[in-house]
Amino acid sequence: MLNVVIFGAPGSGKGTQSGLIIKEFWLDHISTGDVLRSEIKNKTKLGLIAVGYIDKGLLLPDDLIIDMLSNVLDGKKDSAGFIFDGFPRTIPQAVALKRILNERSTDVTTMLDLKVEEDELISRMIERGERLGRSDDNLETIKSRLDVYHSQTAPLAEYYKEENKYHAIKGEGTIGDIFEQIRKILNTCQIS
Ligand code: AMP
């Protein structure tokens with residue numbers, strides 16, 4: 001299986017690049033943010049809990065999100081591989097992802113870190129808020145999401161460096177140029 005973690009700050013283009021990756025590499029795209037937004041829309045128990053965190057730009061507790069991810073994977077047993085978008089976001093989530101994949105006789109193949117300057121991230125998210133009406137794409141929540149990213153999520157880069165799975169991607173430029181860097185890396189990945 002080819003299991004890719006797409007990583008980067010909010011607004012770094014993880015969703016856009018995931019859309020291109022799944023078309024070329026036939027992976028299942030799992031975006032924990034999208035799963036949560038659909039739970040909120042359907043007013044499920046998890047959705048009702050999630051809304052309070054998302055609107056403040058805070059992370060949901062690890063145990064809730066890990067259970068959710070594990071359930072999503074249980075529903076996709078015939079997959080050729082996954083692209084994990086927005087997960088893991090903390091070290092305990094990364095450790096859990098390894099365990100969950102190991103239990104399924106596989107592991108994370110590679111991690112792609114989309115690097116984008118902070119000013120650019122903010123203007124992309126403001127523009128997305130106006131275009132899609134995402135409740136957390138407003139300046140106050142964006143600032144809190146960026147703080148959370150720096151304190152809780154960015155340290156994961158070190159975790160994947162130690163696993164020799166880390167790749168930095170220049171996340172600015174055209175969508176096609178960014179994808180070209182990703183394609184080169186994924187084409188050289190050993191599939192386990
Ligand atoms: P995203 O669409 O990935 O930017 O996620 C939107 C929001 O969903 C985040 O700001 C968090 O509140 C929540 N969320 C998504 N993924 C996770 C995760 N792996 N751990 C905790 N909270 C998450």
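Our subject in this report is the structure included herewith. (Residues numbered from 1 in each chain as written. Predicted model: local features only at pLDDT ≥ 70, side-chain atom pairs only at ≥ 80, totals over all residues. Heavy atoms only, no water.)

1. Some points on the site of the ligand
Where we set the bar: What makes a residue near a molecule or strand is one non-hydrogen atom of that residue sitting within 4 Å of it. Think of a polar contact as two N or O atoms within 3.5 Å of one another; within protein, one of them needs to be a possible hydrogen donor and the other a possible acceptor, and neighboring residues in sequence only count if both atoms come from side chains. For accessible areas, the Shrake-Rupley method is used with a probe of radius 1.4 Å. Any residue's cover is judged against the shown protein chains and nothing else. Under the DSSP-based scheme used, a helix requires at least four consecutive residues in state H or I and a strand at least two consecutive residues in state E, with every element numbered from the N terminus. Any residue outside Ala, Val, Leu, Ile, Met, Phe, Trp, Tyr, Cys, Pro, Asp, Glu, Lys and Arg is labelled polar, Gly included; the first ten of those are nonpolar and the last four are charged.
For the ligand, the set of nearby residues contains 16 residues, the closest of which are T32, R37, L58, G86 and Q93. A distance of 3.1 Å separates a nitrogen atom of the ligand from a polar backbone atom of L60. R134 has a polar side-chain atom sitting 3.3 Å from an oxygen atom of the ligand. Protein contact buries 96% of the 480 Å² of open area that the ligand shows by itself. With 4 residues, helix α2 (residues 32-41) is the largest single contributor of residues to the shell around the ligand. Taken together, the residues of the shell around the ligand sort by class into 7 nonpolar, 4 polar and 5 charged.

2. Points about the environment of A94
Note the threshold: The buried label applies to any residue whose accessible area, calculated with a 1.4 Å probe on protein chains only, is under 20% of its type's maximum; exposed applies above 50%, and partly exposed to all values in between. Note on definitions: a residue-residue contact is assigned when non-hydrogen atoms from the two residues lie within 4.5 Å.
Note on placement: A94 falls in helix α5 (residues 91-103). A relative accessible area of 1% places A94 in the buried class. Those residues in contact with A94 that sit more than four places away from it in its chain are P88, L156, Y159 and Y160.

3. So, the pairing of strand β3 (residues 81-85)
Counted only if it meets this: Pairing between two strands requires that DSSP report at least two bridges joining them.
For β3, the buried fraction is high: 5 of the 5 residues fall into the buried class. Because side chains alternate across β3, one face comprises the buried residues G81, I83 and D85, and the other comprises F82 and F84, equally buried. In the sheet, strand β1 (residues 2-8) pairs with β3 via 5 bridges, with the strands oriented parallel. The residue bridging I6 from the neighbouring strand is D85, located in β3. Here strand β2 (residues 28-31) runs beside β3; their pairing, made up of 4 bridges, is parallel. Each bridged residue has a counterpart across the sheet, and for S31 the counterpart in β3 is D85.

Purely geometric numbers; function is a separate question.
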